[in-house]
Amino acid sequence: MVAVKKEGAIVMGEYFTLIIQIFQLPFMIRALIVGVLISLCASLLGVSLVLKRYSMIGDGLSHVGFGALALAAAFNVTPLYVAIPVVILTAFLLLRVNESGKLKGDAAVAMISASALAIGVLIVSVSETNVDLNSYLFGSIYAISNQDMYLSICLSVAVILLYLVFYNKMFAVVFDENFARATGAKATAYNMVMACLTAVTVVVGMRLVGSLLISSLIIFPALTSMRICKTFKKVIISSSAVGIVCIVVGIISSFLLDVPASACIVLINLTAYIIFTVIGFIKEKYSKEA
Amino acid sequence: MLIECKNVRLAYENHIVADNLSFSVNKGDYLCIIGENGSGKTTLMKALLGLKTVEAGSISHGEGLRQNEIGYLPQQTGIQKDFPASVWEVVLSGRINRLGFKPFYSSKDRKIAEENMARLNITNIKDKCYRELSGGQQQRVLLARALCATQKLLLLDEPVAGLDLLATEEMYHIIYDLNRQNGITVIMITHDVDRAVRDATHILHLHKKDVFFGEKSHYLECDTCRQFNQNEAESGHGCCKKGGCHCNG
Ligand SMILES: Nc1ncnc2c1ncn2[C@@H]1O[C@H](COP(=O)(O)OP(=O)(O)OP(=O)(O)O)[C@@H](O)[C@H]1O
Ligand SMILES: [Mg+2]
């Protein structure tokens, strides 16, 4: 009995020292900093994207980003220099397609993302470069360099500032684009700002969580918060918090359990979604009875 | 002249909704657009707002009317059923055209939003979630938003749809006051012809290929014009062929 208890205590103690150690590992610190910033950007943008029914765009962009990264690796260029412009261009293209209404938006996204993924895989397999396909597809907390970290700090500060500046306009355009346009708002410009910010977030976040799962950072926090929150502002604040908590817990537990971070982050997001759904359900029931 | 339409043709792909439409709206006018379902009223309003391009002809704004001085109440909005937004957030967003390069609303914006909420009797549901309101309440919220945006011109697409009797009366009263006292030009789509005739200064009646545009008094003088409404289903020809009134058919 005593021995078991002691063992338990040791295990607990070990975990604590491990967690303290985590904050002394440079790569973990880098991963956490980048993770927090990226998920903050992603969840801020995610609210607008989800509400505009643009959730698929994040997914499409990440696949295109994968193709661009593979291309960059094959030609031995700094990946982000290729990926960011390519993905921004794709974002504009998808926006145009969506607005013109000629091709169904979701179909266009599916088409583009599958093609980009295929091109990326082909390039990786044909080129002789020693590209780790896995790390592109699923990300890696070990892959974050100092350069990545500085870049992501700059980009996310830019995203957050722009978001704050455009917050009210973004709301009006997302809530009712026709009204915003009719009363003189440059809705197309705001859509473009949003697409551009999303593209940048996707590319930077891809290093960490990989291209297959980055879109979960965008859509999950928004969907989770919408289960409970009933005003736009609360949804925004709540999704930022949910996004940050989930990514921190995800990165730390992936390190402790020695499993891929991206999978951990997605599953923790799913857990949060389920918890919020249950809370929302209880809240509704309670308010009906009251 | 605030707005001038010259030989406008409106169409969706190959389907022509209205053709050869000419009329003008002056400052201080109260124009009612009437016509049966599907006669192109909403389409015309969208064209006036620049949300839809005209197939032929031209629509021009005069007297320095800028897009951000226009208030608009859409008939159906693309607003989704599950959008999380409070009444306050929606009404305040009507002030977006006053933001310019400022990122945040000023206290004046807030004050105007509050005044308009009081005007439409929705102050008590200020913090409620828009998606949880009844249809009529939602309509009032959108009206308050439209009023927030209005500086010179107000376009309303069936503003009283879904309102109860009392609210309908109040609504017409508010619009009338805005027009006569505040000098705001109003363009309103409605199916309530009696009311349109009572308050409006001008009438635009869309009816298949025939169009009546003119002052209210002319519309009243023209017997056949009034019969438009009753006979619409039967005859393809309106009064305009018979001459005598200011119809351009
Ligand atoms: N998005 C669209 N695509 C194609 N045709 C359309 C579209 N919207 C409207 N139409 C067609 O244009 C015509 C005019 O429609 P509109 O909405 O302007 O009518 P309305 O006068 O506003 O009718 P209501 O009184 O029912 O509001 C209709 O015949 C309709 O079928
Ligand atoms: Mg209509």
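Residues numbered from 1 in each chain as written. Chains lettered and ligands numbered in written order. Predicted model: local features only at pLDDT ≥ 70, side-chain atom pairs only at ≥ 80, totals over all residues. Heavy atoms only, no water.

1. Overview of the overall build of chain A
To be explicit about the condition: Think of it this way: any DSSP run of H or I at least four residues long counts as a helix, any run of E at least two long counts as a strand, and we number them from the N terminus. Accessible area is worked out with a 1.4 Å probe on protein chains only. A residue is then buried under 20% of its type maximum, exposed over 50%, and partly exposed in between.
For chain A, the helix and strand inventory stands at 12 helices and zero strands. Each helix and strand of chain A, ordered N terminal to C terminal, gives the series α-α-α-α-α-α-α-α-α-α-α-α. Seen along its three principal axes, the alpha-carbon backbone of chain A occupies a region of about 75 × 65 × 30 Å. In chain A, buried positions account for 52% of the 290 residues.

2. Let's talk about the sheet that holds strand β4 (residues 56–61) of chain B
Residue and element names in this part refer to chain B. Put simply, the rule is: Strands qualify as paired when DSSP identifies two bridges or more between them. Axis angles are defined between N-to-C directions and span 0 to 180 degrees, where every axis is a line fitted to C-alpha atoms and, for a helix, only to the segment in contact.
Here we have three strands laid out as an open sheet, ordered β2-β1-β4, and antiparallel in their pairing. If you trace the sheet from one side to the other, it starts and ends with β2 (15–25) and β4, each paired once. Between one strand and the next, the sheet's axes are offset by a mean angle of 25°, whatever the strand orientation.

3. With respect to the site of ligand 1
Residues and elements named next belong to chain B. Heads up, the rule is: Near residues are defined by distance, with any heavy atom within 4 Å of the molecule or strand qualifying the residue. What qualifies as a polar contact is a pair of N or O atoms within 3.5 Å, subject to a donor-acceptor requirement within protein and to the restriction that residues adjacent in sequence count only when both atoms come from side chains. Surface accessibility in these figures is a Shrake-Rupley result with a 1.4 Å probe; residues are shielded only by whichever protein chains are displayed.
Asn-37, Lys-41, Thr-42, Thr-43 and Gln-75 are the nearest of the 14 residues found near ligand 1. Contacts to ligand 1 include Lys-41, whose side-chain N or O atom sits 2.7 Å from an oxygen atom. Thr-42 is positioned with one of its side-chain polar atoms (N or O) 2.5 Å from an oxygen atom of ligand 1. In isolation ligand 1 has 630 Å² of accessible area, and contact with the protein removes 61% of it. Among the secondary structure elements, those contributing two or more residues to the shell around ligand 1 are β2 and α1 (41–49).

4. Some remarks on the sheet that holds strand β7 (residues 185–189) of chain B
Residues and elements named next belong to chain B. The strand order across the open sheet built from six strands is β5-β6-β7-β3-β8-β9, with neighbouring strands paired in mixed fashion. The open sheet has two edge strands, β5 (70–73) and β9 (210–215), and neither has a second partner. Here the average twist between neighbouring strands, direction ignored, is 10°. Bridge analysis of β5 against strand β6 (residues 153–157) gives four bridges, and the strand direction is parallel. Bridge pairing in β6 links Tyr-72 to Leu-155.

5. Regarding helix α4 (residues 135–149) of chain B
All names here are of chain B. Rule in force here: What a helix should span is 1.5 Å times the count of its residues minus one.
Compared with an ideal rise of 1.5 Å per residue, which puts 15 residues at 21 Å, α4 spans 21 Å between its outermost C-alpha atoms and is within 8% of the ideal. Most of α4 sits out of view: 12 of its 15 residues are buried. Among the residues of α4, those classed as buried are Gly-136, Gln-139, Arg-140, Val-141, Leu-142, Leu-143, Ala-144, Arg-145, Ala-146, Leu-147, Cys-148 and Ala-149.

6. Focus on the interface of chain B and chain A
Test applied: Only heavy atoms enter the contact rule, under which two residues are in contact if any of them lie within 4.5 Å. Here's the idea: put two parts together, see how much 1.4 Å probe accessible area each one loses, and the total over both is what we call buried area. Throughout this description, the term salt bridge denotes a Lys or Arg side-chain nitrogen within 4 Å of a carboxyl oxygen of Asp or Glu.
In this assembly, 37 residues from chain B lie in contact with 27 residues from chain A. With both sides pooled, the region where chain B packs onto chain A buries about 2,600 Å², and carbon together with sulfur makes up 64% of that total. On the chain B side of the contact with chain A, B:Phe83, B:Pro84 and B:Ile96 bury the most area, a combined 23% of that side's loss. Summed over the shared surface of chain B and chain A, the result is two salt bridges. Taking the shortest distance from any N to any O, the salt bridge between A:Asp176 and B:Arg145 comes out at 2.8 Å.

7. Some words on the environment of A:Leu217
Residues and elements named next belong to chain A. Locating Leu-217 in the fold gives a position in helix α10 (residues 214–226). The spatial distance from the C-alpha of Leu-217 to the C-alpha of Leu-267 is 11 Å, given a sequence separation of 50 residues. Dropping the residues within four chain positions of it, Leu-217 is found in contact with Ile-38, Ala-42, Ser-43, Val-209, Ile-247, Ile-265 and Asn-269.

8. Some points on the confidence of the model for chain B
Residue and element names in this part refer to chain B. Applicable threshold: Confidence scores here are pLDDT values: one per residue, from the predictor, ranging 0 to 100.
Overall, the predicted model of chain B reaches an average pLDDT of 84, with 88% of residues at or above 70. Confidence over residues 232–249 falls short of pLDDT 50; this stretch has 40 contacts with residues more than four positions distant or in other chains. Overall fold confidence (pTM) sits at 0.85, and the ipTM for the predicted complex is 0.85.

9. Let's talk about the nonpolar core
Condition: By convention a nonpolar core is built from buried Ala, Val, Leu, Ile, Met, Phe, Trp, Tyr and Cys residues, the set being connected through side-chain atoms within 4.5 Å.
The biggest cluster of nonpolar side chains holds 130 residues, and the ones touching the most others in it are A:Leu208, B:Phe83, B:Val91 and B:Ile122. Counting residues per element, this core draws most heavily on helix α2 (residues 26–51) of chain A, which supplies 15 residues. Those residues in contact with B:Phe83 that lie beyond four places of it in its chain are A:Leu51, A:Phe171, A:Val174, A:Phe175, A:Phe232, B:Cys129 and B:Arg131. With 30 residues, the next largest nonpolar core counts B:Cys5, B:Ala18, B:Phe23 and B:Val25 among its residues.

10. With respect to the side chain of B:Thr190
All names here are of chain B. The topology assignment puts Thr-190 in the loop between β7 and α6 (193–199). Side-chain polar atoms of Thr-190 contact the backbone nitrogen of Asp-192, separated by 3.0 Å. Setting aside chain neighbours within four positions, we find Thr-190 in contact with Cys-32, Ile-33, Ile-34, Tyr-172 and Ala-196.

11. A word on the packing of aromatic side chains
Residues and elements named next belong to chain A. Rules: Here a pair means two rings of Phe, Tyr or Trp (six-membered ring of Trp) with centres within 6.5 Å. Their orientation is stacked below 30 degrees between planes, edge-to-face above 60, and tilted elsewhere.
Applying the stated criterion to the full structure yields 11 aromatic pairs over all chains. The interplanar angle of 40° and the centroid separation of 5.9 Å between the aromatic rings of Tyr-167 and Phe-232 together place this pair among those described as tilted. With Tyr-167 in helix α7 (residues 146–175) and Phe-232 in helix α11 (residues 232–257), this residue pair connects regions lying 65 residues apart in the sequence. An identical accessibility class is assigned to Tyr-167 and Phe-232; each is buried.

12. Quick word on unusual backbone geometry
Trans is the common state for peptide bonds, and a negative phi is the common state for residues other than glycine. Residues other than glycine seldom take positive phi values, yet A:Asp258 does so here, at roughly 55°. Along the polypeptide, A:Asp258 turns up in the loop between α11 and α12 (261–289). Take A:Asp258: its relative accessible area is 63%, and that puts it in the exposed class. Phi is positive for B:Glu158, close to 50°, though the residue is something other than glycine.

13. Looking at a nonpolar patch on the surface
Quick reminder of the rule: Surface patches are defined over residues having more than 30% relative accessible area and no salt bridge, joining like charges when they lie within 9 Å and nonpolar side chains (Val, Leu, Ile, Met, Phe, Trp, Tyr) when within 5 Å.
A cluster of nonpolar residues, A:Ile29, A:Ile33, A:Tyr150, A:Ile153, A:Val157, A:Leu161, A:Leu164 and B:Phe104, forms a patch on the protein surface that exposes about 700 Å² of accessible area. Elements with a contribution of two residues or more to the nonpolar patch: α2 and α7 of chain A. The greatest single-element share of the nonpolar patch, amounting to five residues, is contributed by α7(A). In this fold, A:Leu161 is placed in helix α7. Judged by relative accessible area, A:Leu161 falls into the exposed class, the value being 51%.

14. Quick word on the coordination of the magnesium ion (ligand 2)
All names here are of chain B. Put simply, the rule is: Only N, O and S atoms count as donors, using a 2.8 Å cut-off from the metal and 3.2 Å for Na, K and Ca, and because water is excluded some sites may appear unfinished.
On the protein side, the magnesium ion (ligand 2) has Thr-42 (OG1) and Gln-75 (OE1) as donor atoms, found 1.8 to 2.2 Å from it. You can see Thr-42 sitting in helix α1 and its partner Gln-75 sitting in the loop between β5 and α2 (87–92), a full 33 residues away along the chain. Given a relative accessible area of 36%, Gln-75 falls into the partly exposed group.

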